[in-house]
Structures are given as C-alpha cells and as structure tokens.
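# What the coordinates show
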Amino acid sequence: MRPVIIAANWKMHTSPSDAGELARTIAARTREPHVVRVICPPFLCLAAVGEALAASDPEVAIGAQNVHHELAGAYTGEVSAPMLEGLATWVILGHSERRRDAGETDELIGRKLGRALSAGLRPIVCVGEQLQDREAGRADAVVRNQIEGIFRALEAGNEARSTVVIAYEPVWAIGTGRNASGADAAAMTGVIRAGLAAQGFVAEAEDVPVLYGGSVTSANIGEFLGEPSIDGALVGGASLKPDEMAGIVARAAITAAARLGQPAAR
Ligand code: PGA
C-alpha cells in the first residue's frame, strides 16, 4: 500500500532566522497520524529547520530542493548530494522552475537522480507539461518522454530506486491559482507508472507514490486525494501558510486512514 505524502516546497522563501519557527509552527499544526510530511526549505535554512524539528517533531522529514549532478569539483555555487548528509533525507529533482531557469534537461535530472539515490536521499522527481502541450493534446506524450529521459540511465539493479517519488506538476498550474482537475491528474498517474514500467521498474511501478503539484490548497486537496491513484501533494505557495498546511494534512490524514482501513482520527 502506498503512503500518503505531503511535501512542502518553500522555494526561495524564508531565511535562517525565521525558517525554524515556521517549520515548528507547521509541524505542530499538522501532527496527523500516518501522513508522511516533508519540508523542503532553501539550502541555507536546512540546518535551522533541522534543529527546530529535532527538538519539536522529528517525524517531519527535511528535503533539499536540488542537488548537483557531480559529487565534488569546480562548480561554483553548487551543492552536491553527499554534502546534505545530516541536513536532509529527501530532495526535489527536476522542478519545472529549474528546467526553466537553469536549463535542466531530462538527461541531467537523471544524473542527479543517480547521485541522490547513491547518497541515500529520497527523491521527488518532478514532471509536467506546458500549457501549449496540453492544448495540443500532447500532455501524455510529453510526460512519458520526461519519465523515459530521466529514468533511462538508472540501472535496473539500483536497489535504492524503490524510494523514488514522482510529482506530476503541470507547468501551467504552478503558482497560477489554476489547478489541474483531479481526473486529469489521476489519468496522468497512469501514464507515469506505465513509463516507469517501460524503464524496467516493472514490479515496482504500481508501488511508486505519485503526488500532484500545482496550486494545491486546503480547498482543492480533496479533489486530488479523492483519486485512489494520487498519493499526496507537492505544495508550493500554500506550504508557507500554517493554516493551509493544517487543512491539507488534515485532509491527507483521512485518505491515509482509509487506505489503512482505519477510521479517520477526526
Ligand atoms: P504552487 O507550487 O503550489 O505554488 O503552485 C507547486 C510547486 O512548484 O511545487
């Protein structure tokens, strides 16, 4: 059975002086059973968030928002996967803002994926089509290509690949207030799992958690978690707001309890 995961992508928000307090507040407002919570602050805030959560709610996992595709070397301003030891256990890879601003390709994201897995980081690999792709009826093909391009290089024998999480984030829905429909997002999880199966995940493809991301709020999270093939959300703007996170994780707890065959805690 797949877990229910709510991951907060803080993007380039917060600073080392206020990130710990925000993480502590969100952790306290989202203490629901059976929901995997992940907070991904900027690199510079990882230590502050780590200290705050170690003392208040160590169950909340911490993720980075990127890693470099090499282990070390002359890469000014970059951070490698092994450097995150003790600071993060998860990492977001291939976010569309990095594809857009840093020119990340599927092939490069695949190399980052290998580094992340070797370093023991649990990756959240982002895929998603542009608006023109959806309007032209190409969304499925684009996402399928991204999955194949990213996972092509991953060795079939890489044991760590069973930790992979995928986030389906249609680019036109990110930060726009315009979310995909639950049905469209659910349909895309089938495309994603078929793509993973084609890359040799075969037995595991059905076990890979697929999250939806793109203008998720406490008001629309139910539309996504009502779909059995969607396993949670990667939340951007709303993840900086404790009230929103409280509502999102409370809704996730209902799905998590249902999957476990338990009555919801409330
Ligand atoms: P958003 O961002 O929730 O602000 O749309 C989601 C993301 O970029 O992961």
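Each remark here, short or long, concerns the structure printed above.
Each value, and the rule that gives it
- Numbering of residues begins from 1 in every chain and follows the order in which that chain's sequence is written.
- Where local features are concerned, this predicted model is filtered to residues with pLDDT of at least 70; where side-chain atom pairs are given and counted, the filter is 80 or more; whole-chain, interface and lining totals use all residues.
- Water and hydrogen atoms were dropped before computing side-chain values, which therefore reflect all heavy atoms in the structure.
- Detection works on a 1 Å grid of protein atoms alone, calling trapped sets that fit a 1.4 Å probe cavities and calling open sets with protein on both sides within 12 Å along at least five of seven lines pockets, with lining residues defined by an atom within 4 Å of a point.
- Grid points are joined across faces, edges and corners, and a volume is the space filled by probe spheres set on the points.
- A helix here means a DSSP run of H or I that spans at least four residues, while a strand means a run of E at least two residues long, and both kinds are numbered starting from the N terminus.
- Only Asp, Glu, Lys and Arg are considered charged, only Ala, Val, Leu, Ile, Met, Phe, Trp, Tyr, Cys and Pro nonpolar, and every remaining residue, Gly among them, polar.
- The span expected for a helix works out to 1.5 Å for each residue beyond the first.
- Each residue's exposure class comes from its accessible area (1.4 Å probe, protein chains only) as a fraction of the maximum for that residue type: buried when under 20%, exposed when over 50%, partly exposed otherwise.
- Should any heavy atoms of two residues lie within 4.5 Å, those residues are counted as being in contact.

Summed over the entire model, instances satisfying the criterion amount to 2 cavities of 30 Å³ or more. I6, I26, A27, T30, R37, V38, I39, V60, M245 and V249 are the residues that line the largest cavity. Elements with a contribution of two residues or more to the lining of the largest cavity: helix 1 (19-29), strand 2 (35-40) and helix 9 (242-259). Take the lining of the largest cavity: its biggest share by element is 3 residues, from strand 2. What the second largest cavity holds in volume is close to 40 Å³. Along its surface, the second largest cavity is lined by G94, H95, S96, R99, C126, V127, G128, E169 and V171. Of all the secondary structure elements, the ones that give two or more residues to the lining of the second largest cavity are helix 3 (96-101) and strand 5 (122-127). When the residues that make up the lining of the second largest cavity are grouped by side-chain class, the tally is 3 nonpolar, 4 polar and 2 charged.

With that settled, the discussion passes to helix 6 (residues 139-151). Its 13 residues place the ends of helix 6 18 Å apart at the C-alpha level, agreeing with the 18 Å of an ideal helix rising 1.5 Å per residue. Among the residues of helix 6, those classed as buried are A139, V142, V143, Q146, I147, E148, G149, I150 and F151. Check the buried side of helix 6 and you find it contacts helix 3, helix 4 (106-118), strand 5, helix 5 (131-135), strand 6 (165-168) and helix 7 (182-201).

So, about unusual backbone geometry. At K11, a position not held by glycine, the phi torsion is positive, near 50°. Counting through the fold element by element, K11 comes out in the loop between strand 1 (4-9) and helix 1. Positive phi is not limited to glycine here, since S215 has a value of about 60°. Residue placement: S215 occurs in the loop between strand 7 (210-213) and helix 8 (221-225). Take S215: its relative accessible area is 17%, and that puts it in the buried class.

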